[in-house]
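Descriptive analysis of the structure
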Amino acid sequence: MDKKRIRRLAPCPAYDVEKIESWLSDMAREGMILEKESEIFGWLAFVKEAPQNLRYRLEPKEEGTGFADVPDLDIQELCREYGWEYVDSYGNFFIYRSTRSDVREMNTDLQVQAAALKVGRRNSSVSLFWELFLLGSIFTDFLTTPFRSLAFMGFWFHYFQLLTLIWVSVDSILHWRHLRKLQKQLKANIPLNHSKPWRKSAAFHLFSKFAYVLVIFLFFGSLFGSCAYALELETDAPATADYPGDPPFVTAADILPEGEFTVSPSFLDYNTYVETGTFFAPLIVEWNEDGEILLPDGSVYNGVLRITYYETRWDWLTEGLMKELYREAEDQRHFAALPAPELDVDQVICYNDIYPTILIRQGNILVEATVGLSHQDCYLMEQWAQQMAEMLSKK
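First, a word on what this report is: a plain description of the structure on this page. Since the structure is predicted, the reported quantities are computational estimates derived from the model, not experimental observations.

What counts and what doesn't
- Residues numbered from 1 in each chain as written.
- Predicted model: local features only at pLDDT ≥ 70, side-chain atom pairs only at ≥ 80, totals over all residues.
- Heavy atoms only, no water.
- Helix = DSSP H or I, 4+ residues; strand = E, 2+ residues; numbered from the N terminus.
- Polar contact = N/O pair within 3.5 Å; in protein donor to acceptor, adjacent residues only side chain to side chain.
- Axes fitted to C-alpha atoms, helices over the stretch in contact; angles between N-to-C directions.
- Left-handed = near helix turned anticlockwise from the far one by under 90°.
- Contact = heavy atoms within 4.5 Å.
- Nonpolar A, V, L, I, M, F, W, Y, C, P; charged D, E, K, R; others polar.
- Salt bridge = Lys/Arg side-chain N within 4 Å of Asp/Glu carboxyl O.
- Buried < 20%, exposed > 50% of the residue type's maximum accessible area, 1.4 Å probe, protein only.
- Core = buried A, V, L, I, M, F, W, Y, C linked by side-chain atoms within 4.5 Å.

Let's talk about the side chain of Asn-288
Looking at where Asn-288 falls in the secondary structure, it is placed in strand 9 (residues 283-294). Side-chain polar atoms of Asn-288 contact the side chain of Arg-306, separated by 3.1 Å.

Encoded structure:
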């Protein structure tokens with residue numbers, strides 16, 4: 001008959017050596033015996049047997065030892081000769097146990113134990129570095145373009161992003177501080193308490209552990225959800241002709257009212273629009289047109305009109321977003337500053353990036369437009385800008 005197998009999450013942090021040892025010994029006295037090499041994502045497996053008096057010890061991993069490694073076979077054999085059996089790897093520690101009540105301690109020299117914990121502290125510092133590096137790589141877009149990230153990714157993504165970063169950092173710092181405290185205790189010739197009470201703080205620790213997992217889940221859920229939503233919008237973008245009502249900006253058909261605008265067939269994302277909104281920017285419209293304007297005299301303006309329209313919650317966010325967009329444009333290969341027309345708006349910036357581009361800000365509204373509609377190298381950017389400024393002044 002197979003023995004009943006039960007998984008448990010430790011009721012205290014993996015770095016709290018004394019409480020982990022006490023908890024494992026108490027579990028054994030209740031007939032819950034830790035299985036060998038059973039740890040998965042912090043969960044340990046126990047089998048139900050007759051109650052036993054087992055002694056558990058956590059030994060810091062050797063320097064450079066990975067999380068999934070086991071002690072050297074020679075070390076395991078030496079420990080076995082002294083009555084200690086290797087059981088599992090847990091965090092930055094190896095778990096050993098003994099069935100003998102008179103067994104000699106694995107480390108009788110407290111100064112040696114203190115030196116071993118120094119390696120554990122170094123490992124925790126390395127773990128903190130890689131955790132922050134991983135999170136930092138995810139936050140790269142936010143760090144380089146915080147205003148645009150706020151506008152496009154929304155409130156909850158950045159909330160869970162910040163909460164995850166703080167939580168990981170605090171947990172790693174507490175890990176380092178706790179090992180430092182134990183190290184100082186051993187250096188003062190005060191032995192570790194292998195029967196330290198753990199039940200009082202167990203409920204709080206388990207609650208915080210599940211809360212942490214939930215935050216991580218929500219962070220990556222919001223990240224992948226935002227990316228999937230954006231991809232879905234781009235894939236299923238409707239035609240500009242199907243936009244409900246009048247767009248809040250000047251389109252190609254509006255620039256020269258006396259002309260007739262005709263769209264050109266395109267295999268790209270032209271003649272489509274994507275409308276989104278987030279907490280920080282309730283309305284964002286990405287508008288792409290490709291076609292030609294035929295005037296009564298027979299002249300033709302043809303090319304593209306690309307517009308990104310932002311309505312944010314605050315003027316400061318729109319102002320910061322405008323600076324970021326311009327700074328990004330300056331890094332482009334074909335960038336060249338252009339004189340800005342005089343418009344009755346808060347800010348206006350013009351530059352050339354293959355096609356003439358203009359940024360117009362009025363209060364909490366920002367319009368970025370690339371006006372590539374031209375005739376004999378004469379672009380319609382100034383006409384578009386004048387009409388857009390008039391539209392914004394009426395809002």
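Structure's up, so let's keep going.
Overview of the packing of helix 5 (residues 146-153) against helix 9 (residues 315-330)
Taken N-terminus to C-terminus, the directions of helix 5 and helix 9 make an angle of 115°; their axes are 7 Å apart at the nearest point. Helix-helix and strand crossings are classified by hand; for helix 5 and helix 9 the assignment is left-handed. Taken together, the residues of helix 9 that come into contact with helix 5 (itself represented by Pro-146, Phe-147, Arg-148 and Leu-150) are Trp-316, Leu-317, Gly-320, Leu-321, Glu-324, Leu-325 and Glu-328. Among the residues making up the contact of helix 5 with helix 9, the classes are represented as seven nonpolar, one polar and three charged.

Points about the pattern of salt bridges
Enumeration over the complete set of coordinates arrives at eleven salt bridges. The shortest N-O distance in the salt bridge between Glu-35 and Arg-5 comes to 2.4 Å. On the criterion of sequence distance, the pair formed by Glu-35 in the loop between strand 2 (32-34) and strand 3 (43-48) and Arg-5 in strand 1 (residues 5-9) is long-range, its members being 30 residues apart. Residue classification places Glu-35 among the partly exposed residues on the basis of a relative accessible area of 22%. Lys-36 serves as the salt-bridge partner of Glu-85, at 2.5 Å between the closest nitrogen and oxygen.

Topic: unusual backbone geometry
You will see that Asn-271, though not glycine, has its phi angle at about 60°, which is positive. Among the structural elements, Asn-271 can be located in the loop between strand 7 (260-263) and strand 8 (272-276). Owing to a relative accessible area of 10%, Asn-271 belongs among the buried residues under this scheme. At Ile-354, a position not held by glycine, the phi torsion is positive, near 70°. Mapped onto the fold, Ile-354 is located in the loop between strand 12 (347-353) and strand 13 (355-362).

Comments concerning the nonpolar core
Counting residues in each nonpolar core, the largest one holds 34 residues, and the members touching the most others are Ile-293, Ile-307, Ile-358, Ile-360, Leu-380, Trp-384 and Met-388. Listed by contribution, the elements that provide at least two residues to this core are helix 8 (252-255), strand 9, strand 10 (300-311), strand 13, strand 14 (365-371) and helix 10 (381-393). Among the elements that make up this core, the one with the highest residue count is helix 10 (six residues). Contacts of Ile-293, omitting those with residues within four sequence positions, involve Ala-252, Leu-256, Gly-259, Glu-260, Phe-261, Ser-299, Val-300, Tyr-301, Leu-373 and Leu-380.

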